[in-house]
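Summary of structural features
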Amino acid sequence: MDKTSVTSDFFVIKALEDGVNVIGLTRGTDTRFHHSEKLDKGEVMIAQFTEHTSAVKVRGKAIIQTSHGQIENE
Ligand code: TRP
């Protein structure tokens, strides 16, 4: 796949409680956690999918905005 098409998407995460975890998962055949970022209430993270990151797991109450829309988890 064209590298730029998989690495250009941004997403925004706004923590609605303390201790929200944004976990980056590796791109490629080996899918594992490679980075965990902790956000406190009101903190916002703006990030991109990259050569190293193909998936993101969000634990905790947060608003998540992507090009596919917005979702709020519990
Ligand atoms: N070093 C990581 C990367 O370039 C940083 C990163 C980008 C990241 N997007 C992320 C970490 C999303 C966690 C979640 O891929």
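So, here's what we can say about the structure. Because the structure is a prediction, the values reported are computed rather than measured.

When helices and strands are tallied, the protein chain shows one helix and seven strands. When the helices and strands of the protein chain are listed from N to C terminus, the series reads α-β-β-β-β-β-β-β. Expected size for 74 residues packed as a compact globule is a radius of gyration near 11 Å; at 12 Å, the protein chain falls within 12% of this value. For the protein chain, buried positions account for 28% of its 74 residues. Taking as baseline every contact in the protein chain between residues at least 6 positions apart, the subset at least 24 positions apart corresponds to 61%. Accessible surface, the protein chain: about 5,100 Å² in total, of which carbon and sulfur atoms supply 50%. Distance between charge centroids for the protein chain: 3 Å, based on 9 positive and 11 negative side chains.

An order of β4-β1-β6-β7 is seen for the four strands of this open sheet, with the pairing classed as antiparallel. The outermost strands of the open sheet, each flanked by one partner alone, are β4 (44-48) and β7 (69-72). Adjacent strand axes in the sheet meet at a mean angle of 15 degrees when their direction is disregarded. As judged from the four bridges shared by strand β6 (residues 62-66) and β7, these two strands associate in the antiparallel manner.

Here the focus is the sheet that holds strand β2 (residues 20-26). The three strands are arranged β3-β2-β5 in an open sheet whose pairing can be described as antiparallel. With one partner strand each, in any of the chains shown, β3 (33-39) and β5 (53-59) form the two edges of the open sheet. Each adjacent strand pair in this sheet contributes to an overall mean axis angle of 20 degrees, direction not counted. As paired strands, β2 and β3 are joined by six bridges and run antiparallel to one another.

Reading the values: rules and limits
- For every chain, the first residue of its written sequence is number 1, and the numbers climb from 1 along that sequence.
- The model is predicted, so local features are restricted to residues of pLDDT at least 70 and side-chain atom pairs to those at 80 or more, both for listing and for counting; the totals for chains, interfaces and linings are taken over all residues.
- Note that water and hydrogens are dropped before the side-chain values are worked out from all heavy atoms of the structure.
- Each helix is a run of DSSP H or I of at least 4 residues and each strand a run of E of at least 2, with the numbering of both proceeding from the N terminus.
- Within these notes, the globule rule equals 2.2 Å times the number of residues to the 0.38 power, and the radius of gyration is based on C-alpha atoms.
- Only protein chains enter the accessibility calculation, which uses a 1.4 Å probe; a residue whose area is less than 20% of its type maximum is buried, one above 50% is exposed, and one in between is partly exposed.
- Any two residues whose heavy atoms approach within 4.5 Å are treated as being in contact.
- The method behind every accessible area is Shrake-Rupley, applied with a 1.4 Å probe, and residues are considered shielded solely by the protein chains displayed.
- For this count, His and the chain ends are skipped, Lys and Arg are scored as positive, and Asp and Glu as negative.
- Here the site of a charge means NZ on Lys, CZ on Arg, CG on Asp, or CD on Glu.
- Paired strands, as defined in this entry, are two strands with at least two bridges between them according to DSSP.
- Fitted lines through C-alpha atoms give the axes, limited to the stretch in contact for helices. The angle between two N-to-C directions lies from 0 to 180 degrees.

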